[in-house]
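Observations on chain architecture
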Amino acid sequence: MCDKFPFINRYIDIDSGNQLKLSMAISICFAILLLMSRISYAYECNYTSIISFGNSLADTGNIKKLVAIHHSEPPHFLFPPYGETFFHKPTGRCSNGRLIIDFIAEGLGLPLIPPYVGDKSNLKKKEVRQGVNYAVAGATALSSSFHEARGVSNPTTNASLQVQLKWFKQSICPTSSDCQHLLQHSLILMGEIGGNDYNHELRAGKPINEVKSFVPLVIKTIIAAVNEVIKLGAKTIIVPGNFPIGCSSSYLAMYNNSDTKMYDNKTGCIIWLNKFAEYHNQLLQRELEKIRKLNYHHVNIIYADYYNAAMQLYRSPKEFGFLNGALKACCGAGGPYNFNKTVECGTASSTTCADPDTYVSWDGVHLTEAAYRLIYRSLFKGSYTMPRFNSLCRS
């Protein structure tokens, strides 16, 4: 096989019995072959499917189908104007259009990823062709029982990360061989997850120091899920960090204060909330690095820096085309940030801006399609993933 590299022949002089040169040639040959195999592994990212876990940042319709199955009262994001920009109807996505996961699928040349709930009969065909989305709006990393024991209920769902993993294993991983065949050609999106563990608690009035105390447990749960899918055969796993929640219209309205020291001078975001998000992200990155250093030499573990990818928009919104700024919601019910928790977007008394593409915030909690598109580009076409995603795959 070394005859593929003619330049090596100059090192070989068999007739003269120069075994040293022969040995050197063979060593060089195998070194090149090893390097080529590593380059091949790094660049041949022909993903056939996307498997997604998470919350409303990735839910493409599971919550909508769960509400229908259980005959629950539909949440506000299942009504117009949600979905108006791209789908022209509510789909269960918490935005006016597409989410980051939708742009990932489009970027990889895959159809939009279908939700798991309600389509189990056709699941086998769909997972081979394009993947499955297990993310559910409102989902937490920790179990609902953990938060309930602290007096905090989840108003939307009990589909925590462990529930989603259970769905995954029951639906498309009945045997280890099935899993390995699917996962080695799949892109796994593990989150964003964990943000709602903090959101539900903070909105219930829990102090930040109390919430901060269980961040390591949230991280431990995420890391356990990453390890689980690796053992099942996953080769490429993207693990997003948390967004800068101190820039969220809902929190800016909730903690509205005349104390200017509480806010960042450049962005207007709440400093202590963003530091909290950074704390979560730092712990997550530290634990992901530990996994990389163990024995997963043939697994790509990618940290998606949602925080800094989004902070670009908050620092310089007009430079990115957000002429109406980054802190005021497009859809809401008035006030300095156009957010009122008693009059949510999608309810009769709420109003919607004329041009969502000029806003970063859609409903005070989630972002607009335009914002998600730019964040996607920064992550998957730019430098906000570690290692860089675009260094692993040919564009």
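Residues numbered from 1 in each chain as written. Predicted model: local features only at pLDDT ≥ 70, side-chain atom pairs only at ≥ 80, totals over all residues. Heavy atoms only, no water.

**Details of the overall build of the chain**
- Across its full length, the chain holds 14 helices and 8 strands.
- Taken over 395 residues, the chain has a buried fraction of 53%.
- Considering only contacts in the chain between residues 6 or more positions apart, those separated by 24 or more positions represent 71%.
- Just so you have it, the chain exposes about 18,300 Å², and 54% of that area is on carbon and sulfur atoms. (Helix = DSSP H or I, 4+ residues; strand = E, 2+ residues; numbered from the N terminus. Buried < 20%, exposed > 50% of the residue type's maximum accessible area, 1.4 Å probe, protein only. Contact = heavy atoms within 4.5 Å. Areas by Shrake-Rupley, 256 points an atom, 1.4 Å probe, with all protein chains shown as cover.)

**Section: unusual backbone geometry**
- Each neighbour pair has its own omega, and for Gly191 with Glu192 the value is 20 degrees, a cis peptide bond.
- Structurally, Glu192 can be placed in the loop between strand E3 (186-190) and helix H8 (195-203).
- Here the residue pair Met386 and Pro387 is connected by a cis peptide bond, since its omega of -5 degrees sits within 30 degrees of zero.
- Take Pro387: it is sitting in the segment after strand E8 (385-386).
- Within the chain, His71 stands out as a residue other than glycine whose phi angle is a positive 55 degrees.
- You can see His71 is positioned in the loop between helix H2 (62-70) and helix H3 (100-107).

**Re the state of the cysteines**
- Scanning the model with the defined rule gives 3 disulfides in all.
- Across the disulfide, Cys247 is cross-linked to Cys269 (sulfur-sulfur distance 2.0 Å). What sets the handedness of the Cys247 and Cys269 disulfide is the S-S torsion sign, and at about 110 degrees it is right-handed. With Cys247 in the loop between strand E4 (236-240) and helix H11 (249-254) and Cys269 in the loop between H11 and helix H12 (271-293), this pair connects stretches of sequence that are 22 residues apart.
- Left without a disulfide partner, Cys94 is nearest to the cysteine sulfur of Cys345, which lies 9.9 Å away. (Disulfide = S-S within 2.5 Å.)

**Focus: H2**
- All of the buried residues in H2 are Asn62, Ile63, Leu66 and Val67. Angularly, the buried residues of H2 cover 135 degrees about the axis, an arc narrow enough to put them on a single face.
- Just past H2, the residue His71 takes up positive phi, approximately 55 degrees. (Arc of directions from axis to C-beta.)

**Observations regarding the environment of Ile223**
- For Ile223, the position within the fold is in helix H10 (residues 215-232).
- Counting along the chain gives 16 residues from Ile223 to Val239, while the straight-line C-alpha distance between them is 9.3 Å.
- Ile223 has contacts with Leu284, Glu287, Leu288 and Ile291, leaving out every residue within four places of it along the chain.

**A word on the sheet that holds E3**
- Reading across from one edge, E2-E1-E3-E4-E5-E8 is the order of the 6 strands in this open sheet, with mixed pairing throughout. Two strands lie at the open edges of the sheet, namely strand E2 (131-133) and E8, each paired on one side alone.
- As paired strands, E4 and strand E5 (residues 300-304) are joined by 5 bridges and run parallel to one another. When the sheet's bridge partners are listed, Val239 is paired in E5 with Tyr303. (Pairing = 2+ DSSP bridges.)

**A word on the confidence of the model for the chain**
- Averaged over every residue, the pLDDT of the chain is 88; residues scoring 70 or more account for 84%.
- For the stretch residues 1-17, pLDDT sits under 50, and the model shows 20 contacts to residues farther than four places along the chain or on other chains.
- Below pLDDT 50 for its whole length, residues 30-44 participates in 20 contacts with residues either more than four positions away or in separate chains. (pLDDT = per-residue confidence, 0-100.)

**A few points about the pattern of salt bridges**
- As enumerated under the stated definition, the model contains 11 salt bridges in all.
- In this structure, a network of salt bridges that share partners links the residues Arg98, Glu106, Glu369 and Arg373. (Salt bridge = Lys/Arg side-chain N within 4 Å of Asp/Glu carboxyl O.)

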